[in-house]
Amino acid sequence: MGLNLAINPIKEWLPQLNNPLLIAGPCSLESEEQALETAKLLARDHRVFIYRGGVWKPRTRPGSFEGVGSIGLKWLQLVKKETGLPVGTEVANAQHTEEALKAGVDVLWIGARSTASPFVVQEIADVIKGTDAVVMVKNPVNPDVQLWMGAFERINQAGINNMVAIHRGFTPFRETNYRNYPNWKTVIELRRLMPNLPIICDPSHIAGKREFLFEIAQKAFDMGMDGLMIESHIDPSCALSDKAQQLTPADLALLLDKLVIRNQSITNPQFENELELLRSRIDSLDSEILEVLSSRMEIVKEIGYYKKENNVTALQINRWTQLMDSRVSMGKKLNLNETFVKILFQLIHEDSVRMQTEIMDN
Ligand code: PEP
Ligand code: MN
């Protein structure tokens, strides 16, 4: 079911926004100089609206750089004063939140590991209560849209209406080129369930490597995301965390130059008419697909009764193997993606077997 929370559009708390929201800055703040020099270069690019810098760093394993801690908040204040950019940092417990609010940090974000823990989110919400903070929530490490939504509910119940979701990818369950796999399905589901929630993409933590940043950022705009959070460091080769995925401010500008930013919608009657026509063709094809599937299921049922009468199993593995091979090769001839055809027929077959075992057991 959809969740209709009162959420402000970004422009309400960031009136200077005239482009997609771009948040940029180092993974971690490392020194006053690194924080400030990076910020000055980023601030020259008018496409950057918010400066990010991690102060407390959640590390998967202990022993790596865990952030400079509270001193970093002073550097964020300095960045704000020197560049005029609003600043943001990650908070992971009540104490971080108190300190960050006290230091005048404009944007607080909840990291992927914290979103996965309702206790942590509630602890942060309790401290934020009654302030006009902007809170961004990264997706939990596992693709659980309910857990992600739950975090927004907790923050919203604390009276916060300035909220943004950040898609930073999910823990991969198999070998991938990316550090975290971008599960667009989950993002689309969040958009469907919370249509007024701005969603931005963090290509840095999805990619894990500079070479993949562009393709992910472009995909994010193709999918209608509202902006990006990208890590940028004055000298990535010396970065104390996430060195392979950070860009110099100059390289970030080049990446932004290449990106095609698409409109989420346009008010052009000719475009709308054409789109309407194409959509109505899709609608009628979809209804044919469903009718064909329904006829297919009727036959599946008939076979189920026949198998029951003759006392043979619902699952017939040879038939299933042959069916899959033949459908995949038919699909190929029709220019359909092989994985798509496989998954489609797995679903169809799974439900056919379910139906036949039900017939047998009743
Ligand atoms: C980060 O933004 O530097 C960070 C630690 O991100 P995530 O919570 O997405 O891992
Ligand atoms: Mn990082």
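The shown structure was predicted, so the numbers you read here are calculated from the model rather than taken from an experiment.

Q: What's the story with the site of ligand 1 in this structure? I'm lost.
A: As a matter of local geometry, ligand 1 sits amid 13 residues, with R52, K57, R113, K138 and R168 nearest to it. Residue R168 places a side-chain N or O atom 2.6 Å away from an oxygen atom belonging to ligand 1. Summarising the interface, the protein chains cover 97% of the accessible area of ligand 1, which totals 300 Å² for the free molecule. Of the residues belonging to the shell around ligand 1, the class tally is four nonpolar, two polar and seven charged.

Q: I keep staring at the packing of helix α2 (residues 32-43) against helix α3 (residues 71-83) and nothing clicks. Help me out?
A: How two helices pack is summed up by the angle between their axes together with the distance between the axes. Contact pair α2 / α3: the axes reach a minimum separation of 10 Å and the direction vectors enclose 30°. One way to sum up the angle between α2 and α3 is to call them roughly parallel. Here the hand of the crossing between α2 and α3 comes out right-handed. Judged by residue contacts, E32, A35, L36, A39, K40 and A43 of α2 engage W75, L78, V79, E82 and T83 from α3. Residue composition of the contact of α2 with α3, grouped by class: seven nonpolar, one polar and three charged.

Q: Would you mind going over the coordination of the manganese ion (ligand 2) with me for this structure?
A: For a metal with four tetrahedral donors the ideal donor-metal-donor angle is 109.5 degrees, while six octahedral donors give ideal angles of 90 or 180 degrees. Around the manganese ion (ligand 2), the donor atoms from the protein are C27 (SG), H205 (NE2), E231 (OE) and D242 (OD), and they sit 2.0 to 2.4 Å away. E231 sits in the buried class, given a relative accessible area of 1%.

Q: What should I look at first to understand the domain arrangement of the protein in this one?
A: You'll often see interface size given as the accessible area lost when the parts meet. The domain boundaries assigned to the protein delineate domain 1 (10-258) and domain 2 (269-361). If you average the C-alpha positions of domain 1 and of domain 2, the two centres end up 41 Å apart.

Q: How should I be thinking about the packing of aromatic side chains in this particular structure?
A: Aromatic ring pairs are reported here in terms of the distance separating the ring centres and the angle at which the planes meet. What the rule picks out here adds up to three aromatic pairs. Where F170 meets Y181, the ring centres are 6.1 Å apart and the plane angle is 50°; that geometry is what we call tilted. Highlighted residues: F170 in the loop between β6 (163-167) and α8 (184-193) and Y181 in the loop between β6 and α8, separated in sequence by 11 residues. Ring geometry for F173 against Y181: centres 5.3 Å apart, planes inclined by 80°, an arrangement best described as edge-to-face.

Q: What am I meant to see in the sheet that holds strand β3 (residues 87-90) here?
A: By way of backbone hydrogen bonds, the strands of a sheet pair with one another, either parallel or antiparallel. The eight strands lie next to each other as β1-β2-β3-β4-β5-β6-β7-β8, forming a closed barrel whose pairing is parallel. Averaged over all pairs of adjacent strands, the angle between strand axes in this sheet comes to 25°, irrespective of strand direction. Relative to β6, strand β5 (residues 134-138) runs parallel, the two being bridged by four bridges. Pairing of V135 across the sheet is with M163, part of β6. Of the strands in this sheet, β6 and β7 (199-201) touch α8, which is tilted by about 160° from β7.

Q: Whenever I open this one, unusual backbone geometry confuses me. Can you help?
A: Phi angles above zero are rare outside glycine, and N311 is one such case at about 55°. Its place among the elements puts N311 in the loop between α12 (269-309) and α13 (317-333). Located in the positive-phi region is N335, a residue other than glycine, with phi close to 65°. Mapped onto the elements of the fold, N335 is located in the loop between α13 and α14 (338-361).

Q: In this structure, what is going on with a nonpolar patch on the surface? I would like to understand it.
A: On the surface, L334, L336, F340 and L344 cluster together into a nonpolar patch covering about 380 Å² of accessible area. If you trace the backbone, L336 turns up in the loop between α13 and α14.

Q: Can you walk me through a negative patch on the surface in this structure?
A: Residues E272, E276, D283 and D286 make up a contiguous surface patch of negative charge. One can find D283 in helix α12.

Q: Please explain the packing of α12 against α14 as it appears in this structure.
A: Running from N to C, α12 and α14 point in directions that differ by 40°, and their axes come no closer than 9 Å. In terms of axis orientation, α12 runs oblique to α14. Crossing of α12 against α14: the hand is right-handed. Across the interface between the two elements, L293, R296, M297, V300, K301, I303, G304, Y305, K307 and K308 of α12 pack against I348, D351, S352, M355, Q356, I359 and M360 of α14. Broken down by class, the residue content of the contact of α12 with α14 amounts to nine nonpolar, three polar and five charged.

Reading the values: rules and limits
- Every chain is numbered independently, its residues counted from 1 as its sequence is written.
- Throughout, the order in which chains and ligands are written sets their labels, letters from A for the former and numbers from 1 for the latter.
- For this predicted model, a pLDDT threshold of at least 70 governs which residues receive local features, and a threshold of 80 or more governs which side-chain atom pairs are given and counted, while totals over whole chains, interfaces and linings are taken from all residues.
- Only hydrogens and water are removed before side-chain values are computed, so all heavy atoms of the structure are retained for them.
- Whether a residue is near a molecule or strand depends on its heavy atoms: it is near if one of them lies within 4 Å of it.
- Counting of polar contacts relies on pairs of N or O atoms within 3.5 Å, with two restrictions inside protein: one atom must be capable of donating a hydrogen and the other of accepting it, and residues adjacent in sequence are counted only when both atoms are side-chain atoms.
- Note on areas: Shrake-Rupley with a 1.4 Å probe; residue coverage comes only from the protein chains shown.
- Side-chain classes are defined by residue name, with Ala, Val, Leu, Ile, Met, Phe, Trp, Tyr, Cys and Pro counting as nonpolar, Asp, Glu, Lys and Arg as charged, and the others, Gly among them, as polar.
- Here an angle of 0 to 180 degrees is reported between the N-to-C directions of two axes, which are lines fitted to C-alpha atoms, with helices fitted over the stretch in contact.
- Comment: elements are numbered from the N terminus, with helices defined as DSSP H or I runs of at least four residues and strands as E runs of at least two.
- We call two directions roughly parallel when the angle between them is under 35 degrees, roughly antiparallel when it is over 145, roughly perpendicular when it lies between 65 and 115, and oblique otherwise.
- In a left-handed crossing the near helix is turned counterclockwise from the far helix by less than a right angle, and in a right-handed crossing that turn is clockwise.
- Contact definition: two residues touch when any of their heavy atoms are within 4.5 Å.
- Coordinating donors are taken as N, O and S atoms within 2.8 Å of the metal, stretched to 3.2 Å for Na, K and Ca; because water is absent from the atoms, sites can appear incomplete.
- Accessible area is worked out with a 1.4 Å probe on protein chains only. A residue is then buried under 20% of its type maximum, exposed over 50%, and partly exposed in between.
- The domain limits used here are those given by an automatic or database domain assignment.
- Stacked, tilted and edge-to-face pairs are distinguished by plane angle, under 30 degrees for stacked and over 60 for edge-to-face with tilted covering the rest, among Phe, Tyr and Trp rings (Trp via its six-membered ring) whose centres lie within 6.5 Å.
- Should DSSP find at least two bridges between two strands, the strands are taken to pair.
- Patch building starts from residues that exceed 30% relative accessible area and form no salt bridge, then joins like charges within 9 Å and nonpolar side chains (Val, Leu, Ile, Met, Phe, Trp, Tyr) within 5 Å.
- Whenever Lys or Arg places a side-chain nitrogen within 4 Å of a carboxyl oxygen from Asp or Glu, that contact is recorded as a salt bridge.
- For the charge count, each Lys or Arg is scored as positive and each Asp or Glu as negative, with His and the chain ends excluded.
- Taken as the charge location is NZ of Lys, CZ of Arg, CG of Asp or CD of Glu.

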